[in-house]
Amino acid sequence: MTGPETPHDGAPTTLSWLCHPATLLALVLLLVNDHVLKPAFPGLLTGKLSDVAGLVLVPPLVAVLLTLLVPRLPSRAAALVGLASVGAGFAVVKSSGYAAELASSVWTVLAGPSLVRADRTDLLTLPALGLAWWSWTRSRRHPVRQRTARLVRLLVVLPPAVLAVAATSAVHYPYALGTTMLDGQPAISVGSGYTDWPTGPSAGQWAVSDDAATTWRPVTETEESRLFQQGAGQRQACAPDDPRRCYRVVAGHLRVEQSDDAGATWRVAWEVSDARREELARRSPNPGNIGRHFASRDLIVYRGAGGGHEVLVANGRDGFLRRVSDDAWQRDGFLFRQDDSAIHRDDLPRIDGGGPGDRQTDLLLAVALALTLGFTVLVLAAHLAVRRSGGSAWWGLAGGLSMMFATIALALLWQRGDDFLTVPALLMVVLPWGALTAVVLFIGARHGGATSRWGGWALGGFPLTVLLSGLPLIGWLYGIPLRTRFAVALALLATVPGVLLAIRIAGLVDPARAYQRRYPPRPPYQPHPNAPFPPYPPRPPAAPRSAPPVAAAAALSLAEVGRFSGGRVAPARRSARPPWSARLRAGCSGRGVRPPWAAAGPAGSPP
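Residues numbered from 1 in each chain as written. Predicted model: local features only at pLDDT ≥ 70, side-chain atom pairs only at ≥ 80, totals over all residues. Heavy atoms only, no water.

## Here we look at the sheet that holds strand β2 (residues 185–193)
Strand pairs in the sheet, formed through backbone hydrogen bonds, run parallel or antiparallel to each other.
Thinking step 1. Pairing within the open sheet is antiparallel, and its 4 strands lie in the order β1-β2-β3-β4. Every interior strand has two partners, whereas the edge strands, β1 (173–182) and β4 (217–218), have only one.
Thinking step 2. Strand direction decides the pairing type here: β2 and strand β3 (residues 205–208), joined by 4 bridges, are antiparallel. Pairing of S189 across the sheet is with W206, part of β3.
Thinking step 3. Most of the contacts of helix α8 (residues 221–230) go to β1, to which it runs at about 90°, and overall it touches β1, β2, β3 and β4. (Pairing = 2+ DSSP bridges. Helix = DSSP H or I, 4+ residues; strand = E, 2+ residues; numbered from the N terminus. Contact = heavy atoms within 4.5 Å. Axes fitted to C-alpha atoms, helices over the stretch in contact; angles between N-to-C directions.)

As structure tokens, then:
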């Protein structure tokens, strides 16, 4: 462990770069800024400090990891790859919303729930790569020669550097938990969550307003203890200036009802329909259970600053809803900003309008669904071709089960319980799985005897299915239809032409040709050139048989004569016996009956 470095080993030089004083200063700055300064002083300065420290620290970290994975990689090549990849990746992520979302998803898989924002002002910190290059030029002159020193520095510096880069704050989203009255003034509870959403007002941070919900301040410890003792908020309340005017929330819906006769009859004062609420929620990040998180929870009615009364409603992930004195309802967001830099503070999406740009995750899901349906139709066409050519039904069964797995995974992602896992799951599991299944069955069908004409039609049916099924999904992204289940049903219905085409082109497969292609005739075997014995000589032709002599032929039967003559002489038909009447006459006269084939005697002899 104390020997010199091996030839062409870049680890000593890159490790010296990682342990350079400038790199170590960036490591300390990143840890202190992310975990101390940002929570205490959130703002522009602390955000840019993290970018500068990361641009100085990450290139040597990448170079060290490369030289550890590829020991014979030259240190200069590893340094150039580290600087170029970090600079290009930082520029793309900070200038593109889609790239930032992809980076957030990848970082969530590697380091837990995280958020990477696209902010082009962060590109002003790119000159920090010059400091990283300067530290590299100084470090390459003094590589760490001894293996023991390299091991110590590796164990001491590498783990904190990896943790400093990976240990970012988890992202959370604000949540309007509840409302109540404190000494005649409105009070609200605002929480946050990611997948473990808060369940009640006690899980959030309380704020109270001293000017009729115009401004808000955090509660004191005494006020907080009193609020905790009050318990849950109320779902129904009446106006202090008009006891007959009452309001109530409807559980499980974004709806407020109003009564003008002290609760005898009710009418809808404000609502977002369930279909519109679903579309609204899917334009929000990580919506989860829409019926639970996007629903009215409780309300309060208090005196307005200019007279009359106002209503404040806690609507969960949709923030707070307020009715001002002139009978107008407005969505006010979350009103109170918590002292937590990890909370994602984007504006509330509009109730109506929007498009694919506001629903980036749904856009990816729609593309994945259209491609999955296209893969499924291609698998069906390949299965029918295999069965037509006489192949086994196990091909179709395996393909169907594989596509069912991809469909189930896509259906789980469609619920959007965790948006940060959606992109890596689509790109690494669902789409590759469906594409691999379709390609394997298509190759199996072609190998089994399907013609090139069939292959062209089958490949043409794939984009046809993707296009037809994508049309209702594009309309769904624009809000027509609003319901997700209607859009999915229309997309499934749009696969009918592709299915009919797959059934139709199965007739292009010729079973006889498929059999000949699957079992081609075997060529005659040739003698091996290196055989230890020469090939056997061909058998000499047999000598022709001579005809038997006449005397012998006379003694043979006519059938044997015919056999020896090659079958050209047919044996004589056996004569029939004398009829019984002739035998009877011969018996009566005492003379025998001469058969017709009896030879005649010599001339002059008696008959």
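Don't stop here, the text continues.
## A few points about the packing of aromatic side chains
Thinking step 1. Under the definition given, this model contains 7 aromatic pairs.
Thinking step 2. When the centroid spacing of 5.4 Å and the interplanar angle of 55° are considered together, the rings of W17 and W136 count as tilted. In this pair, W17 is assigned in helix α1 (residues 11–18) and W136 in helix α6 (residues 128–139), connecting sequence segments 119 residues apart. Comparing W17 with W136, the two get one shared label, buried.
Thinking step 3. Judged by centre distance (4.9 Å) and plane angle (55°), the ring pair of F405 and W433 falls under tilted. On the criterion of sequence distance, the pair formed by F405 in helix α12 (residues 394–414) and W433 in helix α13 (residues 422–447) is long-range, its members being 28 residues apart.
Thinking step 4. Owing to a relative accessible area of 40%, W433 belongs among the partly exposed residues under this scheme.
Thinking step 5. The ring of F486 carries the charged tip of R485 above its face, separated from the ring centre by 5.4 Å. (Phe/Tyr/Trp six-rings, centres within 6.5 Å; stacked < 30°, edge-to-face > 60°. Buried < 20%, exposed > 50% of the residue type's maximum accessible area, 1.4 Å probe, protein only. Lys NZ or Arg CZ within 6 Å of the ring centre and 35° of its normal.)

## Quick look at helix α3 (residues 44–69)
Thinking step 1. In this model, α3 (26 residues) spans 37 Å end to end at C-alpha, consistent with the 38 Å of a helix rising 1.5 Å per residue.
Thinking step 2. In α3, a bend of some 25° at L57 exceeds every other bend along the element, and P59, a proline, comes one to four places later. (Expected span 1.5 Å × (residues − 1). Bend = angle between axes of the 7 residues up to and from the residue.)

## Structural notes on a positive patch on the surface
Thinking step 1. A cluster of basic side chains, namely R76, R138, R140 and R141, defines a positive patch on the protein surface.
Thinking step 2. Since its relative accessible area comes to 38%, R140 is described here as partly exposed. (Patch = residues over 30% accessible without salt bridge, like charges linked within 9 Å, V, L, I, M, F, W, Y side chains within 5 Å. Areas by Shrake-Rupley, 256 points an atom, 1.4 Å probe, with all protein chains shown as cover. Salt bridge = Lys/Arg side-chain N within 4 Å of Asp/Glu carboxyl O. Lys, Arg positive; Asp, Glu negative; His and termini not counted. Charge placed at Lys NZ, Arg CZ, Asp CG, Glu CD.)

## Regarding the confidence of the model for the protein chain
Thinking step 1. Scored by pLDDT, the protein chain comes out at a mean of 80, with 76% of its residues at no less than 70.
Thinking step 2. Mean pLDDT in the protein chain bottoms out at helix α19 (residues 558–564), which sits at 48, and peaks at strand β6 (residues 246–249), which reaches 95.
Thinking step 3. Taken together, the stretch residues 563–572 has pLDDT below 50 and engages in 7 contacts with residues farther than four places along the chain or on a different chain.
Thinking step 4. Here residues 587–593 is modelled with pLDDT under 50, and outside its nearest four sequence neighbours on either side it reaches 6 contacts, counting other chains as well. (pLDDT = per-residue confidence, 0-100.)

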